[in-house]
Amino acid sequence: MVAATACLLGVLFAFMVWTPSAQAQAQTFADVHEGEWFYEAVEALAAEGAAAGYADGTFRPYEPITRAQFAAMAAGALHVAPSGAALFADVAPSDWFSGAVGALYEMGVVQGGASGLFLPAREISRQQAASLVTRAVAWRLSQGSDPAAVLMTDSAEAAPWLGGFLDRDAIATVHTIAVANAYRAGIVSGFADHRFYPLLDLTRGQAAGILYEGLLLPLVMSAEPPETLPAEARYPTLGKGSAGPVVAWIERRLAALSYRPGAVDGVYDSATADAVMAFQKVERLERTGKASDAVQRRLASASTPLPRRWSSGLRVEIDLSRQVLLLIRDNEVQWTIPVATGAQGTRTPTGSFSIQRKLPYWRESHLGMLYKPAYFYGGYAIHGSHSVPPYPASHGCVRVAVSTMDGLYPLLPVGMRVDIYY
């Protein structure tokens, strides 16, 4: 994927309180200024009681929005009464968003996955948001709003409206008609590079814009579809030097999955490449450190790696077959780090060990330089190195990047368990 004009930065969840009875009063947010493209939408939703900010007076328009937050904003914009129906296993009656989710489900606006879960804390993608808002528009039309507006229901009829997106084949079949309807109604648009990027998450500012256009303004359906462009089979590969909102999304997804891409700043640097390398190793993709089309698509649905062993406390597992180190706390993987372990003939020992001693500096051994070594078995150590190739290359130690070792070293106390396996 390439850089696009809209900014998609931020990783923190934002929890909004949905109160349909809230007083309809425009709300000013410290970080939403007149002249910004989302200003009118945010203010209008706030006036409807459909959007709330934070205790510090901010709205944080560039942070991603979750499925629960998007549903709550939609319910607020539609002014529907909350429902106490228990419909999803992961939506408890006490959850702040349960009334909104229940109401939208009964209206046919909200749907769960095949697992029967709603996944409220998961960030909503652009194509998912298009489907949800299109179903909300359909409900709105069923109530007699905008009688001249008609939504398409046939995929053949909808196809021409996606012709302006180079990446239209990346839109999931279940979402194509909804995206086409939303585009035709001016609810969603593409990026400056003529791509829709259906898998990218939606920001709070973008969510406000979509809901404002779809649920608060009169619908205006375009008469002519866009010019059809040649469809592309794959997204461009990103690597060091790439920058933009897609890189920011990659960094944000990697961080959420326990990989360590460094600052989520939309700049593909060495830390981003190391995190992509670790992801490729875990997912058994080609180990290049570059975000290929396969990497980008897999990131959208991947889960945090799982530990092999089951044990409480802080510990480390080293998977020699995938060449990664897992830092685990109470059976939850917190860091997934690419490593280079022992090459053929000098393989890293397997079994259960513990950190025996540590040295907080560069140590010169007869086999080379070791940065901040943490020894777990005789002369075998986890240590920093300037050379961490994507394959086994050491004399038996576990190499990590020097910058990674600076953060890892304090988390390797003497006595900590280290499990190593194939």
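Residues numbered from 1 in each chain as written. Predicted model: local features only at pLDDT ≥ 70, side-chain atom pairs only at ≥ 80, totals over all residues. Heavy atoms only, no water.

Caption draft 1: Seen up close, the sheet that holds strand E10 (residues 417-421). Strand order in the open sheet formed by five strands is E3-E2-E1-E10-E4, with mixed pairing between adjacent strands. Sheet topology places strand E3 (332-338) and strand E4 (351-354) at the edges, where each strand pairs with a single neighbour. Looking at each pair of strands side by side, their axes are set apart by 20° on average, direction ignored. Pairing of strand E1 (residues 314-319) with E10, which is carried by four bridges, proceeds in the parallel orientation. Across the sheet, Asp319 pairs through a bridge with Tyr421, a residue of E10. Running at roughly 105° to E3, helix H9 (residues 270-282) makes contact with strand E2 (324-329) and E3 of the sheet. (Pairing = 2+ DSSP bridges. Helix = DSSP H or I, 4+ residues; strand = E, 2+ residues; numbered from the N terminus. Axes fitted to C-alpha atoms, helices over the stretch in contact; angles between N-to-C directions. Contact = heavy atoms within 4.5 Å.)

Caption draft 2: View of the confidence of the model for the protein. When pLDDT is averaged along the protein, the result is 91; 93% of the residues meet or exceed 70. This model gives residues 1-27 a pLDDT under 50, and the stretch forms 99 contacts once residues within four places in sequence are excluded. (pLDDT = per-residue confidence, 0-100.)

Caption draft 3: Representation of helix H7 (residues 204-216) in the model. The terminal C-alpha atoms of H7 lie 17 Å apart, and with 13 residues this matches the ideal 18 Å at 1.5 Å per residue to within 8%. What H7 keeps buried is the set Arg204, Gly205, Gln206, Ala207, Ala208, Gly209, Ile210, Leu211, Tyr212, Gly214 and Leu215. Against the buried residues of H7 lie helix H1 (39-47), helix H2 (67-78) and helix H4 (126-142). (Expected span 1.5 Å × (residues − 1). Buried < 20%, exposed > 50% of the residue type's maximum accessible area, 1.4 Å probe, protein only.)

Caption draft 4: Expanded view of the packing of aromatic side chains. For the coordinates displayed, the defined rule picks out 15 aromatic pairs. Between Trp96 and Phe97, the aromatic rings sit 5.3 Å apart at their centres with planes inclined by 90°, giving edge-to-face as the arrangement. Measuring from ring centre to ring centre gives 5.2 Å for Phe165 and Phe196, while their planes differ by 45°; the resulting arrangement is tilted. Linking Phe165 in the loop between helix H5 (155-158) and helix H6 (173-184) with Phe196 in the loop between H6 and H7, this pair joins segments that are 31 residues apart in sequence. Taken individually, Phe165 and Phe196 each receive the classification buried, so the pair is uniform in this respect. Among the aromatic residues, those joined into a ring-pair cluster are Phe353, Phe376, Tyr377 and Tyr380. Positioned above the aromatic ring of Phe196, the side-chain terminus of Arg126 is 4.5 Å from the ring centre. The ring of Tyr409 has Lys372 sitting right over it, with the charged end atom 5.7 Å from the ring centre. (Phe/Tyr/Trp six-rings, centres within 6.5 Å; stacked < 30°, edge-to-face > 60°. Lys NZ or Arg CZ within 6 Å of the ring centre and 35° of its normal.)

Caption draft 5: Looking closely at unusual backbone geometry. Of note, Arg60 is a non-glycine position whose phi angle comes to about 60°, a positive value. Note that Arg60 resides in the loop between H1 and H2.

Caption draft 6: Structural context of the pairing of E1. With five of its six residues buried, E1 lies for the most part within the structure. Bridge count for E1 against E2 is six bridges, and the pairing is antiparallel. Pairing of Val316 across the sheet is with Leu327, part of E2. Between E1 and E2, which pair antiparallel and follow one another directly, the connecting turn spans four residues, one of which, Gln323, has a positive phi of 60°.

Caption draft 7: Spatial organisation of H4. Under the 1.5 Å per step criterion, the end-to-end length of H4 is 24 Å for 17 residues, consistent within 8% with the ideal 24 Å. The element H4 is largely enclosed, with a buried count of twelve among its 17 residues. Among the residues of H4, Arg126, Gln127, Ala129, Ala130, Ser131, Leu132, Val133, Thr134, Ala136, Val137, Arg140 and Leu141 are the ones counted as buried. If you follow the buried residues of H4, they end up packed against H2, H6 and H7. Looking one or two residues past H4, Gly144 carries a phi angle of roughly 95°, positive in sign.

Caption draft 8: Molecular detail of the nonpolar core. If you look at the biggest cluster of nonpolar residues, it comprises 63 residues, and the most contacted ones within it are Phe70, Leu104, Ile187 and Leu215. Listing elements by their share of this core, those giving two or more residues are H1, H2, helix H3 (98-106), H4, H6 and H7. Sort the elements by how many residues they give to this core and H2 lands first, with nine residues. Among the nonpolar cores identified, the runner-up in size contains 31 residues, and Ala170, Leu199, Val282 and Ile328 belong to it. (Core = buried A, V, L, I, M, F, W, Y, C linked by side-chain atoms within 4.5 Å.)

Caption draft 9: Focus on the packing of H4 against H7. Two elements in contact, H4 and H7, have axes separated by 9 Å at closest approach and are oriented at 20°. In terms of axis orientation, H4 runs roughly parallel to H7. As for the relative orientation of H4 and H7, their crossing is right-handed in sense. Where H4 abuts H7, its residues Val133, Ala136, Val137 and Arg140 lie against Ile210, Leu211, Gly214, Leu215 and Leu216. Class assignment of the residues belonging to the contact of H4 with H7 gives a composition of seven nonpolar, one polar and one charged. (Parallel < 35°, antiparallel > 145°, perpendicular 65-115°, else oblique. Left-handed = near helix turned anticlockwise from the far one by under 90°. Nonpolar A, V, L, I, M, F, W, Y, C, P; charged D, E, K, R; others polar.)

Caption draft 10: Broad picture of the pattern of salt bridges. Counted under the stated rule, the structure contains ten salt bridges. Residues Arg298 and Glu283 are paired through a salt bridge, measuring 3.1 Å at the closest nitrogen-oxygen approach. Taken together, the residues span a long stretch of sequence, with Arg298 in helix H10 (residues 293-301) and Glu283 in the loop between H9 and H10 at a distance of 15 residues. Here Lys372 ties to Asp406 by a salt bridge, and the two come within 3.0 Å at their closest N and O atoms. Taken together, the residues span a long stretch of sequence, with Lys372 in strand E7 (residues 368-377) and Asp406 in helix H11 (residues 402-408) at a distance of 34 residues. Classification of Lys372 as buried rests on a relative accessible area of 17%. Residues participating in the shared-partner salt-bridge network are Asp193, Arg195 and Glu232. (Salt bridge = Lys/Arg side-chain N within 4 Å of Asp/Glu carboxyl O.)

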